[in-house]
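Here is what each chain is made of, one letter per residue.
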Amino acid sequence: MFAGTTMLLAVAAEAAEEAAQSGGLPQLNPHHFTPQLFWLAVTFVALLFVMSKIALPRVADVIEERRDRIKRDLDAASRLKDETDKALADYEKALADARANASGIAKQTREKLAAETEAERQRVDTQITAKLKEADARIAATKSKALSAIGDIATETARAVVEKLIAQDVPAEDVKKVLRPLAGE
Amino acid sequence: MELAAAKMIGAGLACSALIGAGVGIGNIFGNYLSGAMRNPSAAPGQFTNLLIGFALAEATGLFGLLIALIILYG
Amino acid sequence: MAAEGAGHHGPMEQFEIRNIFHLDLFGHDISFTNSSLMMVVALALISGFMIFAMRGRSLVPSRVQSLAEIAYEYVAGMVKENLGEEGMKFFPWVFSIFIFILILNLVGLIPGNFTVTSHIIVTFALAAMVWLVATFIGFWTHGLGYLKLFVPEGVPVWLMPVIIPIELISYFIRPISHSVRLFANMMAGHTMLEVFAGFAVMLPWWGKIAPAGFMVAFTGLEFLVAFLQALIFTVLTCIYLNDAVHMHH
């Protein structure tokens, strides 16, 4: 079919040649086919050679190198980022642990202090109770002493009054004898 | 009728192939525009296909124009 | 302007091949023409640019090096998308096709220059090369199983006598459509430019502005078309190669 196409083109070209020679389409003038084809082949093969051997490998190398470099940099960056993330996670964990620890310690200390305070309070309580008892005893003693002293004071006072009244010394036992029933002992 | 007159008429008639080219190109760009209006983010991805479609539709019209030029000047 | 004789500048005169040196090889004419000159200029520009751009070879590219790298990455992306990673062995060839056609198209847009790709024989030679290479690779990879390309899956048997000729014809039309697309775009573009330039020259002073303004806009469009047609040629090359290497249609 390619041969057929070429033949068709050649026939058409020949038919058009007469018309073409007289100022028709230059494209269809077969005279010009060979030089164009020859130089097209020469220049295209030369271009193919230059491109594939010289120009395109250079461009490919630069693009490849840039891509590798970027990939390496990105890999390093992502690796460093992973390390940073890990360090951050570790730090956070340590902080959380420390905080948990701290609250535990605080609780422990609170309990210990509370226990100590309680013990102290009880000790002080015991002391105070003892002191109160002692004071009560002293008050009772003083009271009984005072009460017993009242009898003597009353006797003395009565004696002084009687003496004043009767201008005579009265012995204390006599006064006591009189006062005793009045005291209601 | 003279050959020159017939050539002119023939060339003029051959240019009617460009009607199809105009309709086809308008179709392609119209569809691309309506698609781009509905989905603007997908439009740049299809831009190459748009140009390919345009060139192929234009080509058939230009085949007719070519015949006209060959009749006129060949 | 139409099929007139020699005195009048027609829009087709810009496509004339003019000899610069006359050379002969075994009786065949291989003169160095304006077309050949443009091809050599394109070759020099491409090689010079690529080699100069990579002179620094720095990891942080300069602007010129960036340009070369962008071209490389763009075509490499295209090849990888259509052919997979293993398709990179075709990359220098595909890249050469792309950059050659692109620079030939662009150089032709400089006023006064000759557009090499506006000749059907040039584009047909390139398209035929692509088609032949794809067919050869197809047979080399799959042997005679490559012919299964014309028998798509899931087609009922009674439909085969219709489908197979259609597939065959569309396969053989490939080099023609591939080449004519580029050729017609270039020729039509340059013819339009020449016609409107003719208007701008011929019309009196009050009529010169409109064609000139249109030409400015149209030249911008022609730059786009130059790039686009090089791209389309390359994309279709990759697709045809993909059909040959991996046969799922």
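Anything mentioned here points back to the structure above.
Note that the structure is a prediction, hence the values are computed from the model and not measured.

About the cut-offs
Residues numbered from 1 in each chain as written. Chains lettered and ligands numbered in written order. Predicted model: local features only at pLDDT ≥ 70, side-chain atom pairs only at ≥ 80, totals over all residues. Heavy atoms only, no water. Helix = DSSP H or I, 4+ residues; strand = E, 2+ residues; numbered from the N terminus. Buried < 20%, exposed > 50% of the residue type's maximum accessible area, 1.4 Å probe, protein only. Contact = heavy atoms within 4.5 Å. Areas by Shrake-Rupley, 256 points an atom, 1.4 Å probe, with all protein chains shown as cover. Lys, Arg positive; Asp, Glu negative; His and termini not counted. Charge placed at Lys NZ, Arg CZ, Asp CG, Glu CD. Rg over C-alpha atoms; globule rule 2.2 N^0.38 Å. Patch = residues over 30% accessible without salt bridge, like charges linked within 9 Å, V, L, I, M, F, W, Y side chains within 5 Å. Salt bridge = Lys/Arg side-chain N within 4 Å of Asp/Glu carboxyl O. Buried area = accessible area lost by both parts, 1.4 Å probe. Polar contact = N/O pair within 3.5 Å; in protein donor to acceptor, adjacent residues only side chain to side chain. Nonpolar A, V, L, I, M, F, W, Y, C, P; charged D, E, K, R; others polar.

### Considerations on the overall build of chain C
Line of reasoning, step 1. Broken down by element type, chain C carries six helices and four strands.
Line of reasoning, step 2. Considering only C-alpha atoms, chain C reaches an extent of 70 × 55 × 45 Å along its principal axes.
Line of reasoning, step 3. The buried share of chain C, reckoned over its 249 residues, is 49%.
Line of reasoning, step 4. The long-range fraction of contacts in chain C, counting pairs at least 24 apart against all pairs at least 6 apart in sequence, stands at 64%.
Line of reasoning, step 5. If you sum the accessible surface of chain C, you get close to 12000 Å²; carbon and sulfur atoms cover 73% of it.
Line of reasoning, step 6. Chain C carries 10 positive and 15 negative side-chain charges, and their two centres are separated by 8 Å.

### So, the overall build of chain B
Line of reasoning, step 1. Helix and strand content of chain B: three helices and zero strands.
Line of reasoning, step 2. Shown N-terminal to C-terminal, the secondary structure of chain B runs as helices and strands in the order α-α-α.
Line of reasoning, step 3. For 74 residues, the compact-globule formula gives about 11 Å, and the C-alpha radius of gyration of chain B, at 17 Å, lies well above that figure.
Line of reasoning, step 4. Counting only C-alpha atoms, chain B reaches 60 × 15 × 10 Å along its principal axes.
Line of reasoning, step 5. By the burial criterion, 32% of the 74 residues in chain B qualify as buried.
Line of reasoning, step 6. At a minimum sequence separation of 6, the contacts of chain B that also span at least 24 residues come to 75%.
Line of reasoning, step 7. When the accessible surface of chain B is totalled, it reaches about 4200 Å², and 72% of it is carbon and sulfur.

### Overview of a nonpolar patch on the surface
All names here are of chain C.
Line of reasoning, step 1. There is a patch of nonpolar side chains on the surface, built from I20, F21, L23, L37, V41 and L45 and spanning about 490 Å² of accessible area.
Line of reasoning, step 2. Counting only elements with at least two residues in the nonpolar patch, the list comes to β1 (19-21) and α1 (34-53).
Line of reasoning, step 3. Broken down by element, the residue count for the nonpolar patch peaks at three residues, all from α1.
Line of reasoning, step 4. Among the structural elements, L23 can be located in the loop between β1 and β2 (24-25).

### Structural notes on the interface of chain C and chain B
A common way to report how large an interface is uses the accessible area buried once the components associate.
Line of reasoning, step 1. In this assembly, 20 residues from chain C lie in contact with 15 residues from chain B.
Line of reasoning, step 2. Counting each side, the surface lost to burial between chain C and chain B is near 1500 Å², with a carbon and sulfur contribution of 86%.
Line of reasoning, step 3. At the junction of chain C with chain B, the criterion picks out zero residue pairs in polar contact (both at pLDDT 80 or more).
Line of reasoning, step 4. For the side of chain C that touches chain B, the secondary-structure elements that each account for two or more residues are α5 (160-202) and α6 (209-245) of chain C.
Line of reasoning, step 5. Considering each element in turn, the side of chain C that touches chain B owes the most residues, nine residues, to α5 of chain C.
Line of reasoning, step 6. In terms of residue class, the side of chain C that touches chain B is built from 15 nonpolar, four polar and one charged.

### As for the pattern of salt bridges
Residue and element names in this part refer to chain A.
Line of reasoning, step 1. Across all of its chains, the model carries twelve salt bridges over all chains by this definition.
Line of reasoning, step 2. The salt bridge partner of E118 is R121, with a shortest N-O separation of 2.8 Å. Here E118 and its partner R121 are both found in helix α2 (residues 33-166), three residues apart, which amounts to about one turn of the helix.
Line of reasoning, step 3. E163 is paired through a salt bridge with R159; the nearest N and O atoms lie 3.2 Å apart. Here E163 and its partner R159 are both found in helix α2, four residues apart, which amounts to about one turn of the helix.

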